[in-house]
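# Examining the three-dimensional arrangement
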Amino acid sequence: MTEELDLMGQDSDGSSEEVVLTPAELIERLEQAWMNEKFAPELLESKSEIVECVMEQLEHMEENLRRVKKEDLKVSIHRMEMERIRYVLTSYLRCRLTKIEKFFPHVLEKEKTRPEGEPSSLSPEEFAFAKEYMASTDTYLKNVALKHMPPNLQKVDLLRSVPKPDLDSYVFLRVRERQENILVEPETDEQRCVVCVCVCVCVCVCVCVRVIHSGNIPPSGDQPRSANKSFSPFSRDYVIDLEEGSQHLIRYKTIAPLVASGAVQLI
Amino acid sequence: MSEAYCRVESGALGPEENFLSLDDILMSHEKLPVRTETALPRLGAFFLERSAGADSDNAVPPGSKIELPLWLAKGLFDNKRRILSVELPKIYQEGWRTVFSADANVVDLHKMGPHFYGFGSQLLHFDSPENADISQSLLQTFIGRFRRIMDSSQNAYNEDTSALVARLDEMERGLFQAGQKGLNDFQCWEKGQASQITASNLVQNYKKRKFTDMED
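Residues numbered from 1 in each chain as written. Chains lettered and ligands numbered in written order. Predicted model: local features only at pLDDT ≥ 70, side-chain atom pairs only at ≥ 80, totals over all residues. Heavy atoms only, no water.

- You'll find chain B entered in an unreviewed UniProt entry as DNA replication complex GINS protein PSF3, with Microcebus murinus given as the organism.
- If you open the UniProt record of chain B and go to Sequence similarities (unreviewed entry), you find "Belongs to the GINS3/PSF3 family."
- Looking at chain B in UniProt, the text filed under Subunit (unreviewed entry) is "Component of the GINS complex which is a heterotetramer of GINS1, GINS2, GINS3 and GINS4. Forms a stable subcomplex with GINS2. GINS complex interacts with DNA primase in vitro. Component of the CMG helicase complex, a hexameric ring of related MCM2-7 subunits stabilized by CDC45 and the tetrameric GINS complex." (UniProt positions renumbered as here; feature names shortened; annotations may be inferred.)

- The name that an unreviewed UniProt entry assigns to chain A is DNA replication complex GINS protein SLD5, with the source organism given as Microcebus murinus.
- Quoted verbatim from the Function (unreviewed entry) heading of the UniProt record, the comment on chain A is "Required for initiation of chromosomal DNA replication. Core component of CDC45-MCM-GINS (CMG) helicase, the molecular machine that unwinds template DNA during replication, and around which the replisome is built."

What follows is the structure, encoded as structure tokens:
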């Protein structure tokens, strides 16, 4: 099962280049995408090429297993591995669907106003799902409540009423590539101060809850875990450097582009 | 993530409450003492003892003190302060703030308005000169009480927790329940029940026909 795969990547002028990935690397990329998606507060870019390759790979493995004669131990171990990969894949897709359902007007709005050349955060199927979901919610609200209201109150602006994804929530991350000069913005608003500390301590509760809950596959300890943890609730405007292998608790908004480019990994 | 129904969470601690959140609707229903600056026509029907009488259009005269729910007070509040001026409820004022700073753990926050933190955070909208003190006090109260909530929620397994949550306000109760859920899920996982398929809580109340009925 060590055949190499061709991963079709695309760059901006439309010509396709082939990046060859071993299955192990593909699974690692899937796991990274899965963890990023789980811990990011907003819907991330859709990695449909990874999804397709993993599904191809699973079919491949299924075929191979059918051809091999029944040596119980090897077959059952391979089947277990396939089940685990399938679980990660479905969990990734389910996480995306939950976020689409939660933030559907904002996701659709973002898709509508997306500039050309920027990768989409929705695969075509997900886009169709989001549109149908919006239409169903509209119809439902209209039939259940809105049509019985007085004529000037019969509209609900879903874009304003459905809460936006909270980009200011704090996330844990591990740095994979060294970054310099990341600007950390201050919390100056008084109301935000209340939110911020409540969020921080809730994050601490959630860490305990989450580690148990999420069936997290422990990260492979290739990079040295330096004791370099920084915690910045009420900071003034300052600039930090992110060392490779260090772990931080930082606002999502500050590092959102780094997550998209793969320079940091959310944990 | 494996729940069938995700409720819209309360945005009260943030800049603005969420329109679709049930918790926020309940929270903004609490009353706020308010002083009117101009006459409010026709509201005298609701505030009979303050009304100026039927001949002046049943209005509430300016300068009267009435109690309005938060959503109404927020809607009517204007920076130029033409319509009403808001007074802070007792528990957000100086006296109670010193009580909270002395020891936050002994206070019964459920009695002080079950939505202490949410209501207090939304009160900051009314531009009172004490805003900085209020937000500091809310923060310090929470910090003082948090540790006990976390401890009790993580260590009370399969017990009656009513004594523990009696003095918590709604937001703290939500935190307590999150902690309990984490604890229960962990115990479930340890016992191996995590891989058993159970009926979803959305359909448990549907009365399904028994198999024997279908045979007839």
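## A short note on the UniProt feature "domain: GINS subunit" (unreviewed entry) in chain A
- When the UniProt feature table is mapped onto this chain numbering, "domain: GINS subunit" (unreviewed entry) sits at residues 71-144 of chain A.
- In residues 71-144 of chain A, helix accounts for 82% and strand for 0%; the two terminal C-alpha atoms are 59 Å from one another. (Helix = DSSP H or I, 4+ residues; strand = E, 2+ residues; numbered from the N terminus.)

## Comments concerning the UniProt feature "coiled-coil region" (unreviewed entry) in chain A
- With numbering aligned to this structure, UniProt lists the feature "coiled-coil region" (unreviewed entry) at residues 44-71 of chain A.
- End-to-end, the C-alpha atoms of residues 44-71 of chain A are 42 Å apart, and along that stretch the chain is 71% helix and 0% strand.

## Remarks on the pattern of salt bridges
Residue and element names in this part refer to chain A.
- One pass over the full model with this rule turns up 21 salt bridges over all chains.
- As a salt-bridge pair, Arg 96 and Glu 126 come within 2.9 Å of each other at their nearest N and O atoms. With Arg 96 in helix 3 (residues 72-102) and Glu 126 in helix 5 (residues 124-144), the pair connects residues that are 30 residues apart, well separated along the chain.
- For Glu 126, a relative accessible area of 8% gives the class buried. (Salt bridge = Lys/Arg side-chain N within 4 Å of Asp/Glu carboxyl O. Buried < 20%, exposed > 50% of the residue type's maximum accessible area, 1.4 Å probe, protein only.)

## A short note on the environment of Gln 93 of chain B
Residues and elements named next belong to chain B.
- Locating Gln 93 in the fold gives a position in the loop between strand 3 (84-86) and helix 3 (94-102).
- Since its relative accessible area comes to 33%, Gln 93 is described here as partly exposed.
- Through-space distance from the C-alpha of Gln 93 to that of Glu 130 is 8.5 Å; in sequence the pair is 37 residues apart.

## Considering the nonpolar core
- If you look at the biggest cluster of nonpolar residues, it comprises 38 residues, and the most contacted ones within it are Val 54, Ile 255 and Leu 266 of chain A.
- Looking at this core, the elements that each hand over two or more residues are helix 1 (23-39), helix 2 (48-67), helix 3, strand 3 (170-175), strand 4 (179-184), strand 6 (238-242), helix 8 (252-261) and strand 8 (264-266) of chain A.
- When residues no more than four places from it in sequence are discounted, the contact partners of Ile 255 of chain A are Val 171, Leu 173, Ile 250 and Leu 266 of chain A.
- Among the nonpolar cores identified, the runner-up in size contains 32 residues, and Leu 13, Val 34, Phe 119 and Leu 123 of chain B belong to it. (Core = buried A, V, L, I, M, F, W, Y, C linked by side-chain atoms within 4.5 Å. Contact = heavy atoms within 4.5 Å.)

## Side note on the layout of surface pockets
- Estimates place the volume of the second largest pocket at around 1300 Å³.
- Surrounding the second largest pocket, 36 residues form its lining, Tyr 133 of chain A together with Tyr 5, Cys 6, Val 8 and Leu 20 of chain B being those nearest its centre.
- Secondary structure elements with two or more residues in the lining of the second largest pocket: helix 3 and helix 5 of chain A together with helix 1 (22-27) of chain B.
- Here the lining of the second largest pocket is composed, by residue class, of 24 nonpolar, four polar and eight charged. (1 Å grid on protein atoms, 1.4 Å probe; cavity = no way out; pocket = protein on both sides within 12 Å on 5 of 7 lines; lining within 4 Å. Points joined across faces, edges and corners; volume = space filled by probe spheres on them. Nonpolar A, V, L, I, M, F, W, Y, C, P; charged D, E, K, R; others polar.)

## Brief notes about the UniProt feature "domain: GINS subunit" (unreviewed entry) in chain B
- UniProt records the feature "domain: GINS subunit" (unreviewed entry) at residues 96-189 of chain B, using the numbering of this structure.
- Measuring from the first to the last C-alpha atom of residues 96-189 of chain B gives 44 Å, for a span that is 68% helix and 0% strand.

## Details of the confidence of the model for chain B
- For chain B, per-residue confidence averages 84 on the pLDDT scale, and residues scoring 70 or more make up 91% of the total.
- Ranking the elements of chain B by mean pLDDT puts helix 8 (residues 211-215) of chain B last, at 59, and helix 7 (residues 170-190) of chain B first, at 92. (pLDDT = per-residue confidence, 0-100.)

## Considering unusual backbone geometry
Residues and elements named next belong to chain B.
- Phi at Asp 127 takes a positive value of approximately 50°, unusual for a residue other than glycine.
- Asp 127 sits in the partly exposed class, given a relative accessible area of 35%.
- Its identity as a non-glycine residue notwithstanding, Asn 158 has a phi of 60°, on the positive side.
- As for its position among the elements, Asn 158 is in the loop between helix 5 (131-155) and helix 6 (162-165).

## Digging into a negative patch on the surface
Residues and elements named next belong to chain A.
- On the surface, Glu 49, Glu 52, Glu 56, Glu 59, Glu 63 and Glu 125 cluster together into a patch of negative charge.
- In terms of residue count, helix 2 provides more of the negative patch than any other element does, five residues in total.
- Position of Glu 63 among the secondary structure elements: in helix 2. (Patch = residues over 30% accessible without salt bridge, like charges linked within 9 Å, V, L, I, M, F, W, Y side chains within 5 Å. Areas by Shrake-Rupley, 256 points an atom, 1.4 Å probe, with all protein chains shown as cover. Lys, Arg positive; Asp, Glu negative; His and termini not counted. Charge placed at Lys NZ, Arg CZ, Asp CG, Glu CD.)

## Some words on the pairing of strand 7 (residues 247-251) of chain A
Residues and elements named next belong to chain A.
- Counting buried positions over the five residues of strand 7 gives five, a clear majority of the element.
- In the sheet, strand 3 pairs with strand 7 via five bridges, with the strands oriented antiparallel. Directly across from Val 171, in strand 7, lies its bridge partner Ile 250. (Pairing = 2+ DSSP bridges.)

## Points about the packing of helix 3 of chain A against helix 5 of chain A
Residues and elements named next belong to chain A.
- Across the interface, helix 3 lies against helix 5 with an axial gap of 10 Å and an inter-helix angle of 35°. As for how helix 3 packs across helix 5, the hand of that crossing is right-handed. Residues Arg 96, Leu 97, Ile 100 and Glu 101 of helix 3 form the contact with helix 5, whose participating residues are Glu 126, Phe 129, Ala 130 and Tyr 133.
- Tallied by class, residues from the contact of helix 3 with helix 5 come to five nonpolar, no polar and three charged. (Axes fitted to C-alpha atoms, helices over the stretch in contact; angles between N-to-C directions. Left-handed = near helix turned anticlockwise from the far one by under 90°.)

## Digging into the sheet that holds strand 3 of chain B
All names here are of chain B.
- What the three strands build is an open sheet, ordered 2-1-3; its pairing is antiparallel. In this open sheet, the two edge strands, each paired with only one partner strand, are strand 2 (65-69) and strand 3. The average undirected angle you get between the axes of adjacent strands in this sheet is 45°.
- Where strand 1 (residues 31-36) lies against strand 2, five bridges are found, and the strand directions are antiparallel. Across the sheet, the residue bridging to Leu 32 is Leu 68, located in strand 2.

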